[in-house]
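Coordinates in review
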Amino acid sequence: MPFVIAIVMIVVFFLLTARANRVPKTGRDPEANGKKITAVITNRNKTAEKAVWLRAVSADGRKFKVKMKASEAKYWIKGDEISILLSKENPKKYRVLFNDYFRENEARIRAEVLMHLEKNVKKRIAARFVGYSDKTLRAFKMCSVDTHNIFMFTTFMRMIDFYSIVTIVMVASFIGWFVTKAPTMGVMFVPLAAVLILVMLLKGSIDFCKRIKEEVIKSAKINKAKQLSEK
């Protein structure tokens, strides 16, 4: 039963990911070049690996939203103001200027992303796999690596913890099923494929975080050397 539950979890995960990554045209009208208004962001971006909605409300209570691809959806701060262009021909159509928001608030966003990194990435399974420590955290605070990459690192470290637990459950269930039922290769194909897919996802996430960590450490060393040379 645990093995079946784990397989179902993987299937549901892929289905939800495929659905979540679809990006509609709402909030992206290319002809919206009329009046510019501001609205207050009402939600948070909690993950960096998939498309996500940014929602906002104007002073008159009108609600706006735009869905960004994973490559566009940087971290944003709930409660901040964001600019929106309305269409001259049809005020119901609009364009959310999220790129302007990210550029203008880079310093504040970076400070909050680093705060979440320190708070949410613990010395658990992912930290052991990736080699994350207090020294690594200091390097993150000192580096010049793009803020979105730091947000991605935080997200994938949490994913590694999740993948690791599910992988352990699946492997234990697979071994128990193999020993007790002695299934044929034909019957084993789907469960074994599910285990291999999960292991590949886990390895890919670990390798991704290691690459970011190496880039961060390299950047931090360069910045430290610059600081010492300026003294």
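Check the entry above for the structure.
Here is a short report on the structure shown in this document.

Cut-offs used in this document
Residues numbered from 1 in each chain as written. Predicted model: local features only at pLDDT ≥ 70, side-chain atom pairs only at ≥ 80, totals over all residues. Heavy atoms only, no water. Helix = DSSP H or I, 4+ residues; strand = E, 2+ residues; numbered from the N terminus. Buried < 20%, exposed > 50% of the residue type's maximum accessible area, 1.4 Å probe, protein only. Contact = heavy atoms within 4.5 Å. Areas by Shrake-Rupley, 256 points an atom, 1.4 Å probe, with all protein chains shown as cover. Salt bridge = Lys/Arg side-chain N within 4 Å of Asp/Glu carboxyl O. Pairing = 2+ DSSP bridges. Patch = residues over 30% accessible without salt bridge, like charges linked within 9 Å, V, L, I, M, F, W, Y side chains within 5 Å. Phe/Tyr/Trp six-rings, centres within 6.5 Å; stacked < 30°, edge-to-face > 60°. Lys NZ or Arg CZ within 6 Å of the ring centre and 35° of its normal. Axes fitted to C-alpha atoms, helices over the stretch in contact; angles between N-to-C directions.

1. Let's talk about the overall build of the chain
A count of helical and extended segments in the chain gives 7 helices and 5 strands. For the chain, the α and β elements follow one another from N to C terminus as α-β-β-β-β-β-α-α-α-α-α-α. Buried positions account for 41% of the 231 residues belonging to the chain. Relative to all contacts within the chain whose residues are 6 or more apart in sequence, the contacts with residues 24 or more apart total 73%. Counting every atom, the chain has about 13900 Å² of accessible surface; 61% of that belongs to carbon and sulfur.

2. A look at the pattern of salt bridges
The tally for this structure, following the rule as stated, stands at 6 salt bridges. Where Asp100 meets Arg103, a salt bridge forms, and the shortest distance between an N and an O atom there is 2.7 Å. With a gap of 3 residues between them, Asp100 and Arg103 both fall in helix α2 (residues 98-104), about one helical turn apart. Assessed through its relative accessible area of 25%, Asp100 is described here as partly exposed.

3. Description of the pairing of strand β2 (residues 52-58)
The side chains of a regular strand alternate, first on one face of the sheet and then on the other. Every second residue of β2 is oriented toward a common face, the buried set being Val52, Leu54, Ala56 and Ser58 and the non-buried set Trp53, Arg55 and Val57. For strand β1 (residues 36-41) and β2, the ladder comprises 3 bridges, and the chain directions are antiparallel. In the strand pairing of β2, Ile41 is matched with Ala56. Pairing analysis gives 6 bridges linking β2 to strand β3 (residues 63-68), with the strands arranged antiparallel. By the bridge assignment, Arg55 is partnered in β3 with Lys65. Counted between consecutive antiparallel strands, the loop separating β2 from β3 contains 4 residues, among which Gly61 sits at a positive phi close to 90°.

4. Quick look at a nonpolar patch on the surface
A contiguous nonpolar patch, built from Ile125, Phe129, Ile165 and Val169 and spanning about 320 Å² of accessible area, is present on the exposed surface. Of all the elements in the fold, those that place two or more residues in the nonpolar patch are α4 (125-130) and α6 (147-181). By the secondary structure assignment, Ile165 is in helix α6.

5. Some details on the packing of aromatic side chains
Counted under the stated rule, the structure contains 8 aromatic pairs. One aromatic cluster in this structure is built from Phe98, Tyr101 and Phe102. A cation sits over an aromatic face here: Lys65 above Trp53, 4.6 Å from the ring centre.

6. Notes on the sheet that holds β3
Strand order in the open sheet formed by 5 strands is β3-β2-β1-β4-β5, with antiparallel pairing between adjacent strands. In this open sheet, the two strands that pair with only one neighbour each are β3 and β5 (94-96). Each adjacent strand pair in this sheet contributes to an overall mean axis angle of 40°, direction not counted.

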